[in-house]
Every structure is written in C-alpha cells, then in structure tokens.
Amino acid sequence: MATDAPPPSKPVHRLPSPEEFVEVHESAEFGDLRRSYRSFAFPLTVGFIAWYLLYVLLSNYAGGLMGTKLFGNINVAFVLGVAQFVTTFLIAWWYSRHAAAELDPKAEAIKTRMEGGA
C-alpha cells in the first residue's frame, strides 16, 4: 500500500561564506575554543607518549626490573603493560568529559551562529 505523504522535512541550514569562515577563525571565541582544546589535549598527549616510551625503554634496557615478580607469576612488566591500557581508557574517558563540558558547548554556539540560527 503506497502513501502520498511527503518525506519528513529536514532542517535547512545556511552554508556560511568563505569570508564568514575566516572571520570566525580569527574571532576571540574560536581562539578560546582552540585554547581549551590545546591546553587539555597537548599535555596529555605528551605525557602519555612519555609514559609509553618509558615502558618501551624499561622493557628493552631494564630486563631485571621488569622481570621482578610482584606476586605469583605477575611481574612488573605485566603490571605496567596493563597500566598502559588502563591509562589509555582513562584518558579517553577524561577527554570525553572535558569535550562534553568545555568544548562542545563552545563549538555548538559557533556552529549555530554560522548557520544562521543565532
């Protein structure tokens, strides 16, 4: 059975001009958004890479330390390896919370303004 109902309408967004993109890119509001992102992401990235490299270097050059048994068959290398996974997920969770609280509202405000909603 066919229906003659039109498809649901989608909201129409105005596309910004290149000049508007440049204007927003140079605005203080966009600069604040970039600063919020960079002040969170860059230090965590550097810290995690340093932590990962420490693990790799210890694995290569400190075999005695990494082979030290902590309890049962669990050694330092295993604990630090598992800690790599744990910190990866913790950083992802932390970034998700930061983005939802700090970045997304600022980005949404800029997007809404550019699309003509404000």
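Residues numbered from 1 in each chain as written. Predicted model: local features only at pLDDT ≥ 70, side-chain atom pairs only at ≥ 80, totals over all residues. Heavy atoms only, no water.

How two aromatic rings sit relative to each other is set out by the distance from centre to centre and by the angle between their planes. Inspection of the entire model under this criterion finds four aromatic pairs. Taking the centre distance of 6.5 Å and the plane angle of 70° together, the rings of Tyr37 and Phe42 count as edge-to-face. Judged by relative accessible area, which is 47%, Phe42 ranks as partly exposed. (Phe/Tyr/Trp six-rings, centres within 6.5 Å; stacked < 30°, edge-to-face > 60°. Buried < 20%, exposed > 50% of the residue type's maximum accessible area, 1.4 Å probe, protein only.)

Our next topic: the side chain of Gln84. Residue placement: Gln84 occurs in helix H4 (residues 76-114). Exposure remark for Gln84: the relative accessible area of 8% places this residue in the buried category. Residue contacts for Gln84: discarding those within four places in its chain leaves Phe48, Trp51, Tyr52 and Tyr55. (Helix = DSSP H or I, 4+ residues; strand = E, 2+ residues; numbered from the N terminus. Contact = heavy atoms within 4.5 Å.)

Formed by Val24, Leu33, Ala99, Leu103, Ile110 and Met114, the largest nonpolar core amounts to six residues. Per element, the largest residue contribution to this core is four residues, and it comes from H4. Among residues more than four places away in sequence, those in contact with Leu103 are Leu33, Ser36, Tyr37, Tyr95 and His98. (Core = buried A, V, L, I, M, F, W, Y, C linked by side-chain atoms within 4.5 Å.)

Turning next to the pattern of salt bridges. Under the criterion given, the structure shown has two salt bridges. Among the salt bridges present, the one from Arg113 reaches Glu29, with a minimum N-O distance of 2.3 Å. One end of the pair, Arg113, is in helix H4; the other, Glu29, is in helix H2 (residues 28-61), and 84 residues separate them in sequence. Residue classification places Arg113 among the partly exposed positions, given a relative accessible area of 33%. Judged by its relative accessible area of 32%, Glu29 falls in the partly exposed class. (Salt bridge = Lys/Arg side-chain N within 4 Å of Asp/Glu carboxyl O.)

Another aspect to go through is H4. Given 3.6 residues per helical turn, the α-helix brings residues three or four places apart onto the same face. With 39 residues, H4 should cover 57 Å at 1.5 Å per step; its first-to-last C-alpha distance of 53 Å lies within 8% of that length. At Ala99, H4 is deflected by roughly 45°, the largest bend along its length. Every buried residue of H4 is accounted for by Val76, Leu80, Gly81, Gln84, His98, Ala99, Leu103, Ile110 and Met114. If you follow the buried residues of H4, they end up packed against helix H1 (18-25), H2, helix H3 (63-66), strand E1 (69-71) and strand E2 (74-75). A positive backbone phi angle near 90° is found at Gly116, which sits one or two residues after H4. (Expected span 1.5 Å × (residues − 1). Bend = angle between axes of the 7 residues up to and from the residue.)

Now for the packing of H1 against H4. At a closest axis distance of 11 Å, the pairing of H1 and H4 adopts a crossing angle of 150°. Overall, the two elements H1 and H4 adopt an arrangement that is roughly antiparallel. Note on packing geometry: the crossing formed by H1 with H4 is right-handed. Residue-level contacts link Glu20, Phe21 and Val24 of H1 to Ile110, Arg113 and Met114 of H4. Looking at the contact of H1 with H4 residue by residue, the classes come out as four nonpolar, no polar and two charged. (Axes fitted to C-alpha atoms, helices over the stretch in contact; angles between N-to-C directions. Parallel < 35°, antiparallel > 145°, perpendicular 65-115°, else oblique. Left-handed = near helix turned anticlockwise from the far one by under 90°. Nonpolar A, V, L, I, M, F, W, Y, C, P; charged D, E, K, R; others polar.)

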